[in-house]
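Working through the structure, step by step
Given next are the chains, with one letter for each unit.
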Amino acid sequence: MESGSCDEEEADVDHSKTMRTAYERINAGDIGGFGELVADDFVEHEATPGSPPTKAGTLEFFRALLTAFPDMHMDVEDLLASGDKAVARVKATATHRGEFMGVPPTGKRVELQLIDIMRFDNAGLVCEHWGVTDMLSLMQQLGVAPAEPPT
């Protein structure tokens, strides 16, 4: 599939299927395969520490994430597609086996919620991403943030 421009008119593509495939490939550790679903001019709007907001930066982020959480699995709980966008509510589970954001491996099992919005180009490739990840919950589960606010 050739990478189209984010500004071009979209083709008749099932974006919900592409979005599910993206999660499946990441779950399988196939970051190269995930990259095949991402446009070359991709823009990441969610801040990812240490990664540029590009296709290359996003793929590197997922490689690092899978190093820290090698058994990470994302389950799509809801997915809505309309026009050139798709939105998913996802539950991610994983075991912390490698350094993540300066936190050494804890061996702890974590579960967190995320919301992803993906926009697709004319070739059906992901050209933009916005996301919200419950990082506070993750850091609490890893034991590096207090579970309760101080009183």
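Each remark here, short or long, concerns the structure printed above.
In what follows, the accompanying structure is described. (Residues numbered from 1 in each chain as written. Predicted model: local features only at pLDDT ≥ 70, side-chain atom pairs only at ≥ 80, totals over all residues. Heavy atoms only, no water.)

1. Points about the nonpolar core
The biggest cluster of nonpolar side chains holds 35 residues, and the ones touching the most others in it are Met19, Phe69, Met72 and Met74. Looking at this core, the elements that each hand over two or more residues are helix H1 (15-27), helix H2 (31-35), strand E1 (38-44), helix H3 (55-68), strand E2 (73-82), strand E3 (85-95), strand E4 (109-120) and helix H4 (135-142). In this structure Met72 touches Ile26, Asn27, Leu65, Leu66, Thr93 and Ala94, once residues within four positions along its chain are discounted. (Core = buried A, V, L, I, M, F, W, Y, C linked by side-chain atoms within 4.5 Å. Buried < 20%, exposed > 50% of the residue type's maximum accessible area, 1.4 Å probe, protein only. Helix = DSSP H or I, 4+ residues; strand = E, 2+ residues; numbered from the N terminus. Contact = heavy atoms within 4.5 Å.)

2. Some remarks on H4
All of the buried residues in H4 are Ser137, Leu138, Met139 and Leu142. Tucked into the core, H4 has its buried residues touching E4. Where H4 terminates, the next one or two residues include Gly143, which has phi positive at roughly 85 degrees.

3. Describing the layout of surface pockets
Of the voids in this model, the largest pocket is the one considered here, and its volume is about 550 Å³. If you trace the largest pocket, you find 32 residues lining it, with Glu46, Phe61, Phe62, Leu65 and Thr133 closest to the centre. Elements with a contribution of two residues or more to the lining of the largest pocket: H1, E1, H3, E3, E4, strand E5 (126-133) and H4. For the lining of the largest pocket, the element with the highest residue contribution is E4, accounting for 5 residues. Its residues assigned to classes, the lining of the largest pocket comprises 24 nonpolar, 5 polar and 3 charged. (1 Å grid on protein atoms, 1.4 Å probe; cavity = no way out; pocket = protein on both sides within 12 Å on 5 of 7 lines; lining within 4 Å. Points joined across faces, edges and corners; volume = space filled by probe spheres on them. Nonpolar A, V, L, I, M, F, W, Y, C, P; charged D, E, K, R; others polar.)

4. Considerations on the packing of aromatic side chains
Tallying each qualifying case throughout the model produces 3 aromatic pairs. Plain terms: the ring middles of Phe61 and Phe62 are 5.6 Å apart, the flat faces sit at 75 degrees to each other, and that makes the pair edge-to-face. Under the relative-accessibility criterion, Phe62 is labelled buried at 15%. Ring geometry for Phe69 and Phe100: centres 5.3 Å apart, planes at 70 degrees, overall edge-to-face. Taken together, the residues span a long stretch of sequence, with Phe69 in the loop between H3 and E2 and Phe100 in the loop between E3 and E4 at a distance of 31 residues. Side by side, Phe69 and Phe100 carry an identical accessibility label, which is buried. Put simply, the rings of Phe34, Phe61 and Phe62 pair up and form one aromatic cluster. (Phe/Tyr/Trp six-rings, centres within 6.5 Å; stacked < 30°, edge-to-face > 60°.)

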